[in-house]
Amino acid sequence: MKRVLICSICVILCIAMIVFALYSLFDNLPKEGKWEGVITQYRQAYPGQLFLILTFLIVGHVGLLIGVPILVMVIREEYF
């Protein structure tokens, strides 16, 4: 039961990292005018923000690719 809980928390954290990264990216896009929603007009809120967003996206996706199969295997061991 403990391993299932730990794996579930890790998967939820990975999903939260991806949501945070996407929300941060779309939050800084222009919201009006002819450049509305265009990624080429992205403005960073602070230096290094884009690096942080990309890091969160990459770590979140890799975490999901690793965490979901491990969660499935742990659930199979525990309950079947």
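Residues numbered from 1 in each chain as written. Predicted model: local features only at pLDDT ≥ 70, side-chain atom pairs only at ≥ 80, totals over all residues. Heavy atoms only, no water.

Below, the discussion takes up the overall build of the chain. Helix and strand counts for the chain stand at two helices and zero strands. Taken over C-alpha atoms, the radius of gyration comes to 17 Å for the chain, far larger than the 12 Å a tight globule of 80 residues would show. C-alpha atoms of the chain, sized along the principal axes, occupy 55 × 20 × 15 Å. The 80 residues of the chain split such that 24% are buried. By sequence separation, contacts in the chain at least 24 residues apart represent 63% of the contacts at least 6 residues apart. Put simply, the chain shows about 6100 Å² of open surface, and 75% of that area lies on carbon and sulfur atoms. For the chain, the distance from the average position of its 6 positive side-chain charges to the average position of its 5 negative side-chain charges is 5 Å. (Helix = DSSP H or I, 4+ residues; strand = E, 2+ residues; numbered from the N terminus. Rg over C-alpha atoms; globule rule 2.2 N^0.38 Å. Buried < 20%, exposed > 50% of the residue type's maximum accessible area, 1.4 Å probe, protein only. Contact = heavy atoms within 4.5 Å. Areas by Shrake-Rupley, 256 points an atom, 1.4 Å probe, with all protein chains shown as cover. Lys, Arg positive; Asp, Glu negative; His and termini not counted. Charge placed at Lys NZ, Arg CZ, Asp CG, Glu CD.)

Right, let's get into the pattern of salt bridges. For the coordinates displayed, the defined rule picks out two salt bridges. Between Glu 77 and Arg 3 there is a salt bridge; the shortest N-O distance is 2.7 Å. Taken as a pair, Glu 77 in helix α2 (residues 49–79) and Arg 3 in helix α1 (residues 2–27) lie far apart in primary sequence, 74 residues in all. Of the charged contacts in the structure, one is a salt bridge between Arg 3 and Glu 78, with a shortest N-O distance of 3.4 Å. With Arg 3 in helix α1 and Glu 78 in helix α2, this residue pair connects regions lying 75 residues apart in the sequence. Under the relative-accessibility criterion, Arg 3 is labelled partly exposed at 42%. (Salt bridge = Lys/Arg side-chain N within 4 Å of Asp/Glu carboxyl O.)

Within the largest apolar cluster, seven residues are counted, these being Ile 18, Ala 21, Leu 25, Leu 29, Tyr 42, Ile 53 and Leu 57. Ranked by residues supplied to this core, first place goes to α1 with three residues. Those residues in contact with Tyr 42, other than ones at most four positions away along the chain, are Ser 24, Leu 25, Asn 28, Leu 29, Gln 49, Leu 50 and Ile 53. (Core = buried A, V, L, I, M, F, W, Y, C linked by side-chain atoms within 4.5 Å.)

What follows is about the packing of α1 against α2. Axis separation between α1 and α2 bottoms out at 7 Å; the angle between their running directions is 155 degrees. One way to sum up the angle between α1 and α2 is to call them roughly antiparallel. Here α1 runs over α2; the crossing is left-handed. Of the residues contributing to the contact of α1 with α2, the split by class is 23 nonpolar, seven polar and three charged. (Axes fitted to C-alpha atoms, helices over the stretch in contact; angles between N-to-C directions. Parallel < 35°, antiparallel > 145°, perpendicular 65-115°, else oblique. Left-handed = near helix turned anticlockwise from the far one by under 90°. Nonpolar A, V, L, I, M, F, W, Y, C, P; charged D, E, K, R; others polar.)

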